[in-house]
Structure formats: structure tokens, C-alpha cells
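Residue-level structure breakdown
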Amino acid sequence: MELGLLYSGGKDSSLAALLLDSFYDVTLVTATFGITDDWTHARRSAEATGFEFRTLELDPDVAEAAVDSLLEDGYPRNAIQAVHTHALEELAGEGFSAIADGTRRDDRVPSVSRAQAQSLEDRHGVDYIAPLSGFGRGAVDRLVEARLDVESGPSETISRADYEAELRALLVEREGPDAVGEVFPDHDQTSVTGFR
């Protein structure tokens with residue numbers, strides 16, 4: 001069975017790929033608005049782990065609306081959630097029999113409710129799988145430590161291909177570099193460099 005996994009090149013989506021690999025033909029899919037070439041960082045992680053890789057073009061109007069939300073809200077939660085929902089909808093239309101993401105049990109954002117998952121499945125005729133939904137951060141970190149080589153550090157220093165990277169770039173283009181610090185809290189990111 002063919003499965004498309006939304007992939008950022010980070011530890012969560014890479015661990016999800018490992019967990020699903022025994023049951024599905026996994027293709028790592030990085031969603032991009034075409035604002036930056038940050039998707040190449042995910043391709044590099046995919047190559048290091050040996051999974052098939054491709055990109056998924058998202059609607060640039062969704063990115064613009066997400067930045068509007070960032071500015072209005074003053075924080076990224078609603079913007080990231082809207083982009084993730086759009087990415088799942090687009091991925092569901094790509095011909096896979098199943099789609100997945102790397103969301104964990106205790107993630108605040110993005111998240112997919114049971115009703116959203118069922119709606120996605122019913123409307124698109126795909127299975128939606130969140131293989132990390134039963135794992136907390138500590139469990140994920142221990143599994144990652146056992147299987148993956150990972151670089152980690154502040155968002156500004158780690159090359160990655162998540163939604164936030166392109167939204168940051170668009171925010172800087174529209175409002176200047178200081179806007180990023182006003183909207184995004186300091187946090188660490190990860191990039192997978194291979195298997196252990």
C-alpha cells in the first residue's frame with residue numbers, strides 16, 4: 001500500500017516513517033509554497049534515510065492568509081494549524097491509499113481531531129494515520145535517540161523544511177526581520193542526518 005507522509009526532515013516525521021515502513025510503501029512528501037527552497041533540507045534528510053521523496057505544491061494564498069493570522073493573533077498556533085490542514089487536504093488528493101503525519105500525543109499544534117480525520121478519510125477515500133499520536137515527547141525522544149542521528153538547536157540555526165520556515169520568510173518580506181521575534185516564540189528544531 002502506498003502511503004504519503006508529510007515530512008519536514010525533523011525527528012518526529014522521520015520516526016513516523018520508520019514506524020510505518022513495515023506496513024506501507026512510504027513516500028516522504030514535503031509541502032512547499034514555493035517561497036523558499038527550504039524543502040531541499042527535507043530532501044537531504046530523506047536521502048540520508050533512504051526513503052522516496054517528493055514535494056507537494058501548496059496554494060500561496062494559504063501562506064498569505066497564515067501570515068495575516070500570525071500578525072492578527074501575535075502567535076503562530078492558528079496559522080500553523082491552517083497550513084497543516086491545507087497540506088493534509090492536498091496530500092489526500094495525491095493518489096495515495098493512506099496519508100500520515102508526525103503529530104504526537106501532546107502536540108499543541110498542529111493537531112488533527114478524530115472528527116477531522118474521519119472527514120478527511122470519508123471525503124478522499126484514504127486512511128489517515130498518526131503513528132505518533134500515542135507517544136509523548138519523552139517516548140519520542142528515547143526512540144529517536146536509539147535510531148536516528150539528529151542535529152538540534154534554535155529555529156534560526158537548524159536547516160529544516162517545516163511550514164514555519166516559509167511563513168517566517170514571508171513574514172520578513174512583508175513586515176521586516178523584527179516581526180519574526182514578535183510572533184514566534186524561541187524554540188528548538190531538529191534535522192535528521194541519518195540512521196544509527
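Not measured: the values here are computed from a predicted model.

Another aspect to go through is the environment of D59. When you line up the elements, D59 lands in the loop between β3 (52-57) and α3 (60-73). On the basis of relative accessibility, which here comes to 34%, the residue D59 falls in the partly exposed class. Taking the C-alpha atoms as reference points, D59 and S45, 14 residues apart in sequence, are found 24 Å from one another. Not counting residues within four places of it along the chain, the set of residues in contact with D59 comprises F33 and H86. A polar contact is formed between the side chain of D59 and the backbone nitrogen of D61, at a distance of 2.9 Å.

Across a regular strand the side chains alternate sides, sitting on one face of the sheet and then on the other. By the criterion of burial, strand β1 (residues 2-6) is predominantly enclosed, with four of the five residues buried. Here five bridges tie β1 to strand β2 (residues 25-32), and the two strands are oriented parallel to one another. Counted as the bridge partner of L3 is V26 from β2. Handedness of the crossover joining β1 and β2 through helix α1 (residues 11-20) is recorded here as right-handed. Taken together, the three bridges between β1 and strand β4 (residues 98-100) define a ladder with parallel strand orientation. Along β4, the bridge assignment pairs L3 with A98.

This next bit is on the pattern of salt bridges. The final tally for this structure, using the stated rule, is twelve salt bridges. Ionic pairing is found between D12 and R104, a salt bridge with its closest N-O pair at 3.4 Å. One end of the pair, D12, is in helix α1; the other, R104, is in the loop between β4 and α5 (114-124), with 92 residues separating them in the sequence. Here D12 and R104 have matching classes, each one buried. A salt bridge links E64 to R174; the nearest nitrogen and oxygen atoms lie 2.9 Å apart. Here the residue E64 occupies a position in helix α3, and R174 occupies one in helix α7 (residues 163-175), the gap between them amounting to 110 residues.

On to the sheet that holds β1, then. Strand order in the open sheet formed by five strands is β3-β2-β1-β4-β5, with parallel pairing between adjacent strands. Every other strand in the sheet has two partners, leaving β3 and β5 (127-129) as the edge strands with one partner each. Shown here is a sheet whose adjacent strand axes are inclined to one another by a mean of 30°, direction ignored.

Next up on the list: a negative patch on the surface. Together, E2, D21, D25 and E52 give the surface a local cluster of negative charge. Positionally, E2 belongs in strand β1. For E2, a relative accessible area of 39% gives the class partly exposed.

Quick notes on the rules
- Residues numbered from 1 in each chain as written.
- Predicted model: local features only at pLDDT ≥ 70, side-chain atom pairs only at ≥ 80, totals over all residues.
- Heavy atoms only, no water.
- Helix = DSSP H or I, 4+ residues; strand = E, 2+ residues; numbered from the N terminus.
- Buried < 20%, exposed > 50% of the residue type's maximum accessible area, 1.4 Å probe, protein only.
- Contact = heavy atoms within 4.5 Å.
- Polar contact = N/O pair within 3.5 Å; in protein donor to acceptor, adjacent residues only side chain to side chain.
- Pairing = 2+ DSSP bridges.
- Right-handed = clockwise from strand over helix to strand, strands pointing away.
- Salt bridge = Lys/Arg side-chain N within 4 Å of Asp/Glu carboxyl O.
- Axes fitted to C-alpha atoms, helices over the stretch in contact; angles between N-to-C directions.
- Patch = residues over 30% accessible without salt bridge, like charges linked within 9 Å, V, L, I, M, F, W, Y side chains within 5 Å.
- Areas by Shrake-Rupley, 256 points an atom, 1.4 Å probe, with all protein chains shown as cover.
- Lys, Arg positive; Asp, Glu negative; His and termini not counted.
- Charge placed at Lys NZ, Arg CZ, Asp CG, Glu CD.

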